[in-house]
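Commentary on secondary and tertiary structure
So the chains spell out like this:
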Amino acid sequence: MKLYALIAIMAALLAAAIIFAAGTWLSAGPVSIGFHGWTALTLGVVFSLALGGGLMWLAFYSSRSGHDDDVRSGDDVFDGDEWS
């Protein structure tokens, strides 16, 4: 039941963000965006999504391959010879 409530809340927040963005976009009036503006907007969105996806992939890959298993906790003490 908690999962459905969380999904409903997230969907409502997404809908509110879309409505706010559309209202803001439309309230700006008749502003025309040229070819270079649309190109910059498209490249910015594509590269931002690619960067976010790539970083998430690296985090999951690092976690699954065991690279994160060797990290020591903050409680470990180095006594000159070895970690204890």
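Read on for an overview of the structure.

Cut-offs applied
Residues numbered from 1 in each chain as written. Predicted model: local features only at pLDDT ≥ 70, side-chain atom pairs only at ≥ 80, totals over all residues. Heavy atoms only, no water. Helix = DSSP H or I, 4+ residues; strand = E, 2+ residues; numbered from the N terminus. Buried < 20%, exposed > 50% of the residue type's maximum accessible area, 1.4 Å probe, protein only. Areas by Shrake-Rupley, 256 points an atom, 1.4 Å probe, with all protein chains shown as cover. Phe/Tyr/Trp six-rings, centres within 6.5 Å; stacked < 30°, edge-to-face > 60°. Expected span 1.5 Å × (residues − 1). Patch = residues over 30% accessible without salt bridge, like charges linked within 9 Å, V, L, I, M, F, W, Y side chains within 5 Å. Salt bridge = Lys/Arg side-chain N within 4 Å of Asp/Glu carboxyl O.

**What to know about the overall build of the protein**
Each helix and strand in the protein was counted, giving two helices and zero strands. Here the protein holds 84 residues, and 1% of them are scored as buried. Looking at the protein as shown, the accessible area adds up to about 7700 Å², and 71% of this sits on carbon and sulfur atoms.

**As for the packing of aromatic side chains**
Using the criterion set out here, one finds two aromatic pairs in the structure. Seen in terms of ring centroids, W25 and W38 are 6.3 Å apart; in terms of plane orientation they differ by 45°. Their pairing is tilted. One end of the pair, W25, is in helix α1 (residues 2-27); the other, W38, is in helix α2 (residues 35-65), with 13 residues separating them in the sequence. Using a relative accessible area of 42% as the deciding quantity, one classes W38 as partly exposed. Seen in terms of ring centroids, W57 and Y61 are 5.3 Å apart; in terms of plane orientation they differ by 15°. Their pairing is stacked. A residue pair is termed a helical-turn pair when its members lie 3 or 4 positions apart in one helix, as W57 and Y61 do in helix α2 at four residues. For W57, a relative accessible area of 53% translates into the label exposed.

**Description of α1**
The end-to-end C-alpha distance of α1 is 37 Å, a good match for the 38 Å that 26 residues give at a rise of 1.5 Å each. Just beyond α1, the residue with positive phi is G29, at close to 90°.

**Let's talk about a nonpolar patch on the surface**
Taken together, the side chains of M1, L3, Y4, L6, I7, I9, M10 and L13 make up a nonpolar region of the molecular surface, amounting to roughly 960 Å² of accessible area. The residue I7 is located in helix α1 in this model.

**Let's talk about α2**
Taking 1.5 Å per residue as the helical rise, α2 with its 31 residues ought to reach 45 Å, and the 44 Å between its terminal C-alpha atoms agrees with that figure. Of the residues trailing α2, G66 is marked for its positive phi of about 90°.

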